[in-house]
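Structure at a glance
Here is how the chains run, residue by residue.
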Amino acid sequence: MSASAAEPTVGVRRRRHLSWALALPLGWVLLVAILAITADWLGLPDPAAQELIQRRKPPSTEYLLGTDNLGRDMLSRIIYGARTSLIVGICAPFLGFLIGGAIGISAGYFRGKIDLLAVGFIDVLLAFPALVLALTFTAYLGQSLFNVTLALGILSIPAAARVSRANTLAWANRDFVLAARTIGASNWRILTREILPNVLPAMFAFWLVAISVIIVAEGALSFLGLGIPAPQPSWGGMIADGREALDVAPHTALIPAAVMFLTVLSLNFLGDMVRNLVDPRRSAL
Amino acid sequence: MHWLARQVLRLAVVLLCVTLLTYLIVNILPGDVAIVILGSLATPQDIAGLRADLGLDRPMLVRYFDWLGSALSGDLGRSYRNGEPVAQAIADRLPVSLQLMVMAQIIALGIAVPAALLSVRRPGGLFDRMSASAAFGFLATPNFMLGIVLIYLFSVTLDLLPATGFTPMSESLWGNFESMILPSLTLGLIEWTVLMRVLRSDLLTTLKEDFILLARAKGLPPWRVLLLHALRPSSFTLITVLGLNIGGLIGGAVIVEQIFALPGVGRLLLGGIFNRDLILVQGTVSFIAAGFVLINFLVDMLYAVLDPRVRYVRFRS
Amino acid sequence: MTDLLRITDLNVEYPVGGGRHVHAVSDVTLAVRHGETLGLVGESGSGKSSLARALLQLPPPQRGSVLFDGNELTQMRGEALRAVRPRLQMIFQDPIASLNPRRRVAEIVAEPLIVSGVRDPAERTRRVRAVMEAVGLDPDVVWARRPHEFSGGQCQRIAIARALVLEPKLIVCDEPVSALDVSIRAQILNLLEDMKARFGLTLLFIAHDLAVVKSVSDRVAVMYLGKLCEVADSASLFATPAHPYTAALMAAIPEPDPDVPLGDTKLKPGDPPSPLDPPSGCRFRTRCPHAVDRCAAEVPPLREIAAGREVACHFPLIG
Amino acid sequence: MSGAVSGGPLLSVRDARVGFGTVRGLLRAVDGVSFDLQAGRTLGVVGESGSGKSVLVRSLIGLVGGGSGAVVGGQVLLEGQDLRGLSAAGLREVLGRDIGIVFQDPMTSLNPVMKIGRQIGEGLQLNRGLDGAAAARRAVELLAEVGIPEPERRAVQYPHELSGGMRQRVAIAIAIACEPKLLIADEPTTALDVTVQRQILDLLQREQRQRGMAMILITHDLGVAAGRADDIMVMYAGRAVEMATTREIFRGPRMPYTEALLRSLPRLSDVAHTRLSAIPGRPPDLARRGMGCAFAPRCTYRSDRCETEEPALTRDGARGFACFNPLAAGSRVVA
């Protein structure tokens, strides 16, 4: 057949394509993460130090990314802002997954009353538009990094519970779980040996996606002035500040916007890739 | 109709839980209203007096049921700040928010459905890859960022549209459209990506079904197979997502109203939060949550009407 | 021969949504004798798989008794039930779904030993290797692989090894070959026969295919819409079916031989009724060629019409 | 295949090939299959899963390909017209007018959200030029013809309101609606219970005889093929390995695979605990086919040549087999 000669090249091209699609987003995320972790040792100017004479400077050799409305160094604020985004982005979904995962897995495995209660709880939490609930939480808890993380963590519980419940339901009805019962395995052993190993990959993929969702949510809160309190830098807050000078110094809004966009884009890319890897329909091939 | 009765009961329980939860968040958390109103220089006697006037000295559950009772008759209390009835404030601002969300939804569906249909004509083809990339890009764009980029492009750089502000429809139809188009685009351009992806993936699944093969074997032309046989059974997830995404849309509306200075419910809520106007926040959040729950309830009903299989199972018993 | 398993008046119901319940198994009484293979035949909706799961208490039946090897399983809970389970194993229809995709073959086969408290790893390895060799798997080849690397037939061998490793007395085989390719079925059927002889097993063999059931069974029970129609030894049931449904099933089977004329099922036209809403009286009456008024009014009890032959019909075809 | 009938065959397939590009290389699902089918006859295509029987038949009428990355080759002549040379619109016209198809699972082969009457009438409106009302009337007649009680009521119902057997009757009504010359039945009874299967096969056979259609009956069940087909083509690993009249296949198979398959089946006529003669090994991985006969590793008659050279389908009069060491003509399998 004529296609037999062309076939190997298709495979090769796909592999090369894959490696680039992996290297770029992974590289960006790692760069952001490393800069955020090592920020204190990079000799950056204080992100909160104002120098009003130098305000709204465009990028130059002195200020690599320019300065903002109050003359603060943008590069330093972006890097310290990355720290905020990553702390909230990683911790909040983790909290959600610990609690939501436990709820979802027990609901999906034990069914019955536990399931009914869990679904009711999820329903009520989901009845609030997420951002409105987050606003209300932080407004009344008080603005701090911890409270923002807590509020967004609580918000990610229902989604995590849903994902883990749906996955558990799909696996708990498989014959191998029934087989484990016929040999007399306890519920705990079935949950940890048979169900959890199959549910975790999907949860991990969802966690990756949740990181980018939470980073955006934190940005939105800070943008509205209800997230991380000033002068602590946060990408959302920087975009909000920059908006006031959009006509004279657009870089003050557009640079943090671009950084945030690239980070979220990269995380989505990686999340999609992991999800495809763990998708049983695909890995079966 | 047994099923319907149970759904209505469930709806009532969820609504009760939602308003109670709102009440708890707003009232348990620190921040005394009386101090907010009177300022930090007020004497303890003044504060105690005001608390009694406002009924804040009674147990919280009692106050909740009081509030619920009047809320059911349409009275959400009066703002602590300016004494304006909360229900009236919401009613005044609701049309703006609704117009914003409806226009955004029209834009989103107007892009998503044709894009999905064109994509699945040749999966992996040029159009499919381009629309997938565009969707991926917009999906990674936070709405507050997109709003600012749109202002920068259309107001600052091109000077075509007003950056902020709102013109009521009664004043000028065109002016109203001009003031609403950027906010609606901000929401719609993000919303379509999710809808397109969901519809595309369901269409691809449906197109692999035997009944599509059978439709092709009947000699039906491809567009007819796509529109008459594949689209409807593929649109159920889309409808569910439309309902669920209204939550995201409401959150987006809060931000967009803030960016573009539109006098909608979201901006009312933000004002209430900044001013610590408890009764206003309580009323607005409860209203939004109740609206969201109701919309999802209606979507569920619509689902049953559209899918004869669900209708069969649910309405026969 | 004595009875290893005796099921009495077993009833299984489960909810199907909308507040309705399907009565999957109703008032079934059946015994499996030591060392025999009892074939259980029925079409979809007959309740044969529900019966299998109920007797394993997965989940326990709503009513009735399951007496296995001197233990009343329906009265047992928790630890006591777990202690009996190793003697009562099951093989499933879909061999791939019955193996955990994330675990290695050796772990899967050793799992029953771990659960039942065999602590010595060397002892476990020895027994796992022995049982793998018995079912025709090369332990050195399959040991560290995962189920998806194997075909359906090989997976069914792994599942059989897992069921055998605890040296059970009774194995319930729920359609063990119907998901397999035609050319693989004979391998697995032969393997089951060999294992039965080698380990002194008793089998409850569930299938919808009469020819398969006949080839392995000493006695056969036929189910229709949750009720037993007929129980008899294999030879006499296939020679002279007593229940009109058994006769129809046999006539409906297409023999792989063009010179065997197609039999006449004599069935009234129409599909089987829904198990959600079974007919009154005899459940087969809506399709039965001999049905009269009495069949709608009166449920025919399962009664002995000859030595070792039981039938639930007012007008059996013999006797 | 069964001698020269006047006018030549209705369907003539030459060297049909279907390949799928996979990560592991080209998978030859159908590898050079040729056959003829006379009007009014039934050809049984028999094989295990993965033998390529369904892919072959779907590829004949252009239902394989498009987005699936399939590469299709060979010639398909329907009444002398090459379907592979037709435009998309031309092929649709032939499909709608001359060919009807029934799939395995009536649960998935009917559109769940379209009323039954409309699904039957749709083809009539498009291919026979009937108006809506006439198509609806004809749909009710067809429902009555395939043995569905209360056809007027059923026509306005949705598929899920019918039982499995009823649905398959509806699928048959759709297939025969436009009076096709060729009916393709792809495992039409595999998803059904044995008593219902019998009724559906009877219906198919009755319709085929009344209308003088040719039928391709795809099945893995040799029992189904034995009772319903005039001729049988046995497929293994994407190739036709034996072709003959049904009686010849069952009475004297020449290809060892056919013989082994027939021997391995449990039969009602055997006494209990008769040891089955199992075929060792398993069907080959199509993406990793070596040289030689695909059945050689499992074959008791294999010689050295079988492992290095692929046997072609050799003709012996009206019958054909692909084997270097065929069984003697007239060897009987069934006791």
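Everything below is about the structure shown above.
Model, not experiment: these values are computed from the prediction.

**Comments concerning the sheet that holds strand β6 (residues 99-102) of chain D**
Residues and elements named next belong to chain D. In spatial order, the strands read β6-β7-β8-β3-β9-β10-β12-β11; together these eight strands make up an open sheet with mixed pairing. What marks the edges here is a single partner per strand, and that holds for β6 and β11 (314-316). Across the sheet, the mean angle from the axis of one strand to that of its neighbour is 20 degrees, orientation sign disregarded. Across two bridges, the pairing between strand β10 (residues 239-245) and strand β12 (residues 319-321) is antiparallel.

**Observations regarding a nonpolar patch on the surface**
Together, A:L22, A:L26, A:L30 and A:I34 make up a nonpolar patch on the protein surface, roughly 340 Å² of accessible area in all. Checked against the element boundaries, A:L30 lands in helix α1 (residues 3-38).

**Quick word on unusual backbone geometry**
Residues and elements named next belong to chain C. Residue L58 is joined to P59 through a cis peptide bond whose omega torsion reads -5 degrees. Along the chain, the position of P59 falls in the loop between α1 (48-55) and β4 (63-68). Its identity as a non-glycine residue notwithstanding, Q57 has a phi of 65 degrees, on the positive side. As for its placement among the helices and strands, Q57 is situated in the loop between α1 and β4.

**Some points on the interface of chain C and chain D**
With 46 residues of chain C at the contact, the number on the chain D side is 45 residues. Taken together, both faces of the contact between chain C and chain D bury some 3800 Å²; the carbon and sulfur share is 53%. The largest per-residue losses of area from chain C upon contact with chain D belong to C:V182, C:P256 and C:D271, which jointly make up 16% of the total buried on that side. On inspection of chain C and its partner chain D, the count reaches four salt bridges. Here C:D194 ties to D:R275 by a salt bridge, and the two come within 3.0 Å at their closest N and O atoms. Secondary structure elements with two or more residues in the side of chain C that touches chain D: α7 (182-199), α8 (210-216), α9 (234-239) and α10 (244-252) of chain C. The element that contributes the greatest number of residues to the side of chain C that touches chain D is α7(C), accounting for 11 residues. Of the residues in the side of chain C that touches chain D, the class split is 21 nonpolar, 11 polar and 14 charged.

**Some points on helix α4 (residues 116-127) of chain D**
Most of α4(D) is tucked away: nine of the 12 residues are buried. Buried within α4(D) are the following residues: D:I116, D:G117, D:Q119, D:I120, D:G121, D:E122, D:G123, D:L124 and D:N127. Lining the buried residues of α4(D) we find α10 (222-234) of chain B together with α2 (88-98), α5 (132-145), α6 (151-155) and α7 (164-176) of chain D. Phi for D:G129, located one or two positions after α4(D), is positive at around 70 degrees.

Calculation criteria
Residues numbered from 1 in each chain as written. Chains lettered and ligands numbered in written order. Predicted model: local features only at pLDDT ≥ 70, side-chain atom pairs only at ≥ 80, totals over all residues. Heavy atoms only, no water. Pairing = 2+ DSSP bridges. Helix = DSSP H or I, 4+ residues; strand = E, 2+ residues; numbered from the N terminus. Axes fitted to C-alpha atoms, helices over the stretch in contact; angles between N-to-C directions. Patch = residues over 30% accessible without salt bridge, like charges linked within 9 Å, V, L, I, M, F, W, Y side chains within 5 Å. Areas by Shrake-Rupley, 256 points an atom, 1.4 Å probe, with all protein chains shown as cover. Salt bridge = Lys/Arg side-chain N within 4 Å of Asp/Glu carboxyl O. Contact = heavy atoms within 4.5 Å. Buried area = accessible area lost by both parts, 1.4 Å probe. Nonpolar A, V, L, I, M, F, W, Y, C, P; charged D, E, K, R; others polar. Buried < 20%, exposed > 50% of the residue type's maximum accessible area, 1.4 Å probe, protein only.

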